[in-house]
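The residues making up each chain are set out below.
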Protein chains: 2
Amino acid sequence: MEKAQIGRPREFDAEEALQKAMVVFWEQGYEGASLAGLTEAMGISRKSMYAAFGNKEELFRKALQRYSEGTVSYIVDALEAATAREVAEVFLTGSVRANTRPGCPSGCLGVQGALAVGESGRVARDVLAEWRAGGQEHLRDRFQRAVEEGDLPSDADPDLIARYVMTIANGMAVQAAGGATREELLRVAGAALLNWPPA
Amino acid sequence: MEKAQIGRPREFDAEEALQKAMVVFWEQGYEGASLAGLTEAMGISRKSMYAAFGNKEELFRKALQRYSEGTVSYIVDALEAATAREVAEVFLTGSVRANTRPGCPSGCLGVQGALAVGESGRVARDVLAEWRAGGQEHLRDRFQRAVEEGDLPSDADPDLIARYVMTIANGMAVQAAGGATREELLRVAGAALLNWPPA
DNA sequence: GCACTTCTGCACCGATCGGTGCGGAAGGGT
DNA sequence: ACCCTTCCGCACCGATCGGTGCAGAAGTGC
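Conventions adopted
- Residues numbered from 1 in each chain as written.
- Chains lettered and ligands numbered in written order.
- Predicted model: local features only at pLDDT ≥ 70, side-chain atom pairs only at ≥ 80, totals over all residues.
- Near = placed C-beta within 6 Å.
- Helix = DSSP H or I, 4+ residues; strand = E, 2+ residues; numbered from the N terminus.
- Nonpolar A, V, L, I, M, F, W, Y, C, P; charged D, E, K, R; others polar.
- Contact = placed C-beta atoms within 7 Å.
- Core = buried A, V, L, I, M, F, W, Y, C linked by C-beta atoms within 7 Å.
- Buried ≥ 20, exposed ≤ 12 C-beta atoms within 10 Å, placed from the backbone.
- UniProt positions renumbered as here; feature names shortened; annotations may be inferred.
- Expected span 1.5 Å × (residues − 1).
- Arc of directions from axis to C-beta.

Glancing now at the protein's contact with DNA strand C. Close to DNA strand C lie 26 residues, the nearest being A:S34, A:K56, B:G7, B:E11 and B:S45. Looking at the surface near DNA strand C, the elements that each hand over two or more residues are helix 2 (35-42) and helix 3 (46-53) of chain A together with helix 3 (46-53) of chain B. At 4 residues, helix 3 of chain B tops the list of elements feeding residues into the surface near DNA strand C. Looking at the surface near DNA strand C residue by residue, the class counts come to 10 nonpolar, 7 polar and 9 charged.

So, about the protein's contact with DNA strand D. Near DNA strand D there are 25 residues, and of these A:G7, A:E11, A:S45, B:S34 and B:K56 occur at the shortest range. No other element matches helix 3 of chain A, which puts 4 residues into the surface near DNA strand D. Considered class by class, the residues forming the surface near DNA strand D number 9 nonpolar, 7 polar and 9 charged.

Here the focus is the interface of chain A and chain B. Every contact between the two is made by 40 residues of chain A and, on the other side, 40 residues of chain B. The set of elements that each furnish at least two residues to the side of chain A that touches chain B consists of helix 1 (14-32), helix 7 (109-112), helix 8 (122-148), helix 9 (158-177) and helix 10 (182-193) of chain A. In terms of residue count, the dominant contributor to the side of chain A that touches chain B is helix 9 of chain A (11 residues). Class assignment of the residues belonging to the side of chain A that touches chain B gives a composition of 18 nonpolar, 16 polar and 6 charged.

What follows is about the nonpolar core. Core analysis: the biggest nonpolar cluster contains 122 residues, and A:A21, A:F25, A:V165, B:A21, B:F25 and B:V165 have the highest contact counts within it. Contacts of A:A21, omitting those with residues within four sequence positions, involve A:L38, A:A41, A:M42, A:L59 and A:A63.

Taking the UniProt record as the reference, the feature "domain: HTH tetR-type" (unreviewed entry) is found at residues 11-71 of chain A. Helix and strand shares over residues 11-71 of chain A are 80% and 0% respectively, and the end C-alpha atoms of the span are 26 Å apart.

Looking now at helix 6 (residues 84-99) of chain A. Residues and elements named next belong to chain A. Here helix 6 is 16 residues long and its end C-alpha atoms lie 22 Å apart, about the 22 Å a rise of 1.5 Å per residue gives. Taken as a whole, helix 6 has its buried residues at A84, V87, A88, F91, L92, G94, S95, V96, A98 and N99. For helix 6, the secondary structure elements touched by its buried residues are helix 5 (74-79), helix 8, helix 9 and helix 10.

What follows deals with the UniProt feature "DNA-binding region" (unreviewed entry) in chain A. The UniProt entry lists residues 34-53 of chain A under the feature "DNA-binding region" (unreviewed entry), expressed in the numbering used here. For residues 34-53 of chain A, helix accounts for 80% and strand for 0%, while the C-alpha atoms at its two ends are 15 Å apart.

Residue and element names in this part refer to chain A. Mapped onto the elements of the fold, A81 is located in the loop between helix 5 and helix 6. With 67 residues separating them in the primary sequence, A81 and E148 have C-alpha atoms 16 Å apart. For A81, the residues in contact, after removing those within four places along its chain, are E86, V87 and V90.

The next point concerns helix 4 (residues 56-69) of chain B. All names here are of chain B. Its 14 residues place the ends of helix 4 20 Å apart at the C-alpha level, agreeing with the 20 Å of an ideal helix rising 1.5 Å per residue. Along helix 4, the residues that are buried comprise K56, L59, F60, A63, L64 and Y67. Mapping the buried residues of helix 4 onto a view down its axis gives an arc of 135°, with all of them on the same face. Away from the buried face of helix 4 by more than 90 degrees, exposed residues E58 and E69 are located. Packed against the buried residues of helix 4 are helix 1 (14-32), helix 2 (35-42), helix 3, helix 7 (109-112) and helix 8 (122-148).

Structure (structure tokens):
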């Protein structure tokens, strides 16, 4: 994104513009977000957007990356928790907070950004599916380690446990998109954690 | 939909066409489904579609109604089950089967049909949110009855239990949209049901 | 056979989609 | 001061969006 020091420097803050674009994608989805709406929110012209980010798909990819590093950075903390139970707890409560953050759209960009789409959204849909699968894989690896460390029973299935936890998170994202409050979702997360290990 | 017996009768089967439209909405979402794609799948012209169904929004509403009466009719069976535990079990396993039906799109129309959308999809999004809330309400009423009948502990919270069950179902719909198999999801449902009552 | 109604295919509507070509303005290096 | 690069606002591109007007064809009741 930074390529030259010579010439007229850009007048806008790329990170700030990307943040605004991320919010629009988060709220309206990949297909629902138009170039006009994106650039208006970003405060720049179409031409500047294309020069700085490539095209709509690339902008979406970069917005998702920013989302990963910012909004959902709690997953890093979760994976570093001491026990498998705490991993699940930090992950789920972090999800709830991210899905119901005041001033941000409800729900999760990684879920509602592109779930079912037409031809033009295929790439975005696949990018998000891969993104979710990647998160689930990190959880699975962590639970696998927990099994090896004796933190989980030796016959526990890390794949199933990771999928179970991710399913709860995905479901809460849908609930948040439908208007569920932080308190309601925290209680759901609490209920899901009563069951541990879940297999 | 049936209004006159005089005049030239329509040449296509409205129910059959609606079924095809439902599948397109299911697969591509409300915004992703174009009139061109819909009418092509339905095998009729734009004009015939408008005459028979009104407009795109009305077509979507009628497709959702057909989805309710067909694909997700298992919810009726679930609500009639003898115990709250069985209600949850029939509901969740029914969800898994509906989300992974061979020959149908993966996932749930009620979830992926319109989760995050632009201006033009607002109505569809709200229709679906209300649809999901309605299902959850039915579950809550059933669990409320279970409390009154002593089938659930007297301090159990029907609202929380219904939201918990619906969250699992919503999450499995996202998982299915991402490619999870029926077997994988049945194991998740089984794991979720180990935890009963979930509060 | 006639009148009446409705169906259907085609072309077309204005609006918007994602994406660009152009030309002037503006900053940095030397 | 010069040059060179980059930025940026505007107009515009073909394609597609949801939705319609028109006219001919076709079926039903009398």
